[in-house]
Amino acid sequence: MERAKLAEIDALLAEGRTRIGRLTDQEFLVAGTALYAGEGAKTQGTVKFANSDPRMIQLFCTWLRRFFEVDERRLRVRLYLHAGLDLNGAVAFWSSLTRIPAGQFTKPYRAVADASIRRAEHPLGCPTVTYSCTRTHRAVMGLVHSLLSCDSILPG
């Protein structure tokens, strides 16, 4: 049963890669907008995205830079990292992945692990990438609004 399960997972991963394929710029714009609609903060004047999955953070940063004029000096990262985990290693990892200099990382939140709440600690923490720009936030929210009111998603 375990081998059958693993074979099914492999087959469905391959099918997923085939079905998605290579994204056009338009498809990437829509994918990033949907990601932000679901996971991004809606704070006025700030484009903010948090996730512990490096692939999601990388997708968001690439999307933001590709479709918006970004002043790199205004990008910030705040890490949520459990106490006792390697802060310097986590900063180095996320800085390399996001291409945001470590000097633009703000004071991290060092969480105290509580075994009664959860068992999993993300060894690299959970970063929040923030870009403070009212115009960019309004443009992102315009895309989100357009996506959520798109005729093709309405029933009938």
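The structure displayed is predicted, hence computed values, not measured ones.

Burial within strand E5 (residues 126-132) is extensive, with five of its seven residues counted as buried. Pairing of strand E2 (residues 46-50) with E5 involves five bridges; the strand directions are antiparallel. Paired with Ala50 across the two strands is Thr128, which belongs to E5. Where strand E3 (residues 75-82) lies against E5, six bridges are found, and the strand directions are antiparallel. Within E5, the residue paired with Arg76 across the bridge is Thr130.

A few words on the packing of aromatic side chains. The tally for this structure, following the rule as stated, stands at eight aromatic pairs. Look at Phe49 and Phe60: their rings are 4.8 Å apart centre to centre, the planes differ by 15 degrees, and that puts the pair in the stacked class. With Phe49 in strand E2 and Phe60 in helix H3 (residues 54-67), this residue pair connects regions lying 11 residues apart in the sequence. Pair check on accessibility: Phe49 and Phe60 agree, each one buried. A ring pair is formed by Phe60 and Trp63, whose centres lie 6.1 Å apart and whose planes are at 40 degrees; its orientation type is tilted.

Once that is clear, we can look at the state of the cysteines. The final tally for this structure, using the stated rule, is zero disulfides. This cysteine, Cys126, is not joined by any disulfide, and Cys61 carries the nearest cysteine sulfur, 13 Å off. For the unlinked cysteine Cys133, the closest cysteine sulfur is that of Cys61, found at 16 Å. Residue class for Cys133 comes out buried when judged on its relative accessible area of 12%.

Their axes nearest at 9 Å, the elements helix H2 (residues 25-39) and helix H5 (residues 134-148) cross at an angle of 95 degrees. Classified by the angle between their axes, H2 and H5 sit roughly perpendicular to one another. Mapping the contact onto sequence places Leu29, Val30, Thr33, Ala34, Tyr36 and Ala37 in H2 and Val140, Met141, Leu143, Val144 and Leu147 in H5. In terms of residue class, the contact of H2 with H5 is made up of 10 nonpolar, one polar and no charged.

What follows concerns the sheet that holds E5. Whenever strands of a sheet pair, they do so through backbone hydrogen bonds, lying parallel or antiparallel. With mixed pairing, five strands are arranged side by side in an open sheet as E1-E2-E5-E3-E4. Strand pairing shows two members of the sheet lacking a second neighbour, strand E1 (40-41) and strand E4 (109-111), which therefore form its edges. Along the sheet face, H3 touches E2, E3 and E5 and points at about 160 degrees away from the line of E2.

For the rest of this paragraph, the subject is unusual backbone geometry. In this structure, Arg99 is a non-glycine residue whose phi angle is positive, near 60 degrees. With respect to the helices, strands and loops of the structure, Arg99 is situated in the loop between helix H4 (87-98) and E4.

Taken together, Leu6, Ile9 and Leu13 make up a surface patch of nonpolar side chains, about 260 Å² in accessible area. Topologically, Leu6 is positioned in helix H1 (residues 2-20).

The rules behind these values
Residues numbered from 1 in each chain as written. Predicted model: local features only at pLDDT ≥ 70, side-chain atom pairs only at ≥ 80, totals over all residues. Heavy atoms only, no water. Buried < 20%, exposed > 50% of the residue type's maximum accessible area, 1.4 Å probe, protein only. Helix = DSSP H or I, 4+ residues; strand = E, 2+ residues; numbered from the N terminus. Pairing = 2+ DSSP bridges. Phe/Tyr/Trp six-rings, centres within 6.5 Å; stacked < 30°, edge-to-face > 60°. Disulfide = S-S within 2.5 Å. Axes fitted to C-alpha atoms, helices over the stretch in contact; angles between N-to-C directions. Parallel < 35°, antiparallel > 145°, perpendicular 65-115°, else oblique. Contact = heavy atoms within 4.5 Å. Nonpolar A, V, L, I, M, F, W, Y, C, P; charged D, E, K, R; others polar. Patch = residues over 30% accessible without salt bridge, like charges linked within 9 Å, V, L, I, M, F, W, Y side chains within 5 Å. Areas by Shrake-Rupley, 256 points an atom, 1.4 Å probe, with all protein chains shown as cover. Salt bridge = Lys/Arg side-chain N within 4 Å of Asp/Glu carboxyl O.

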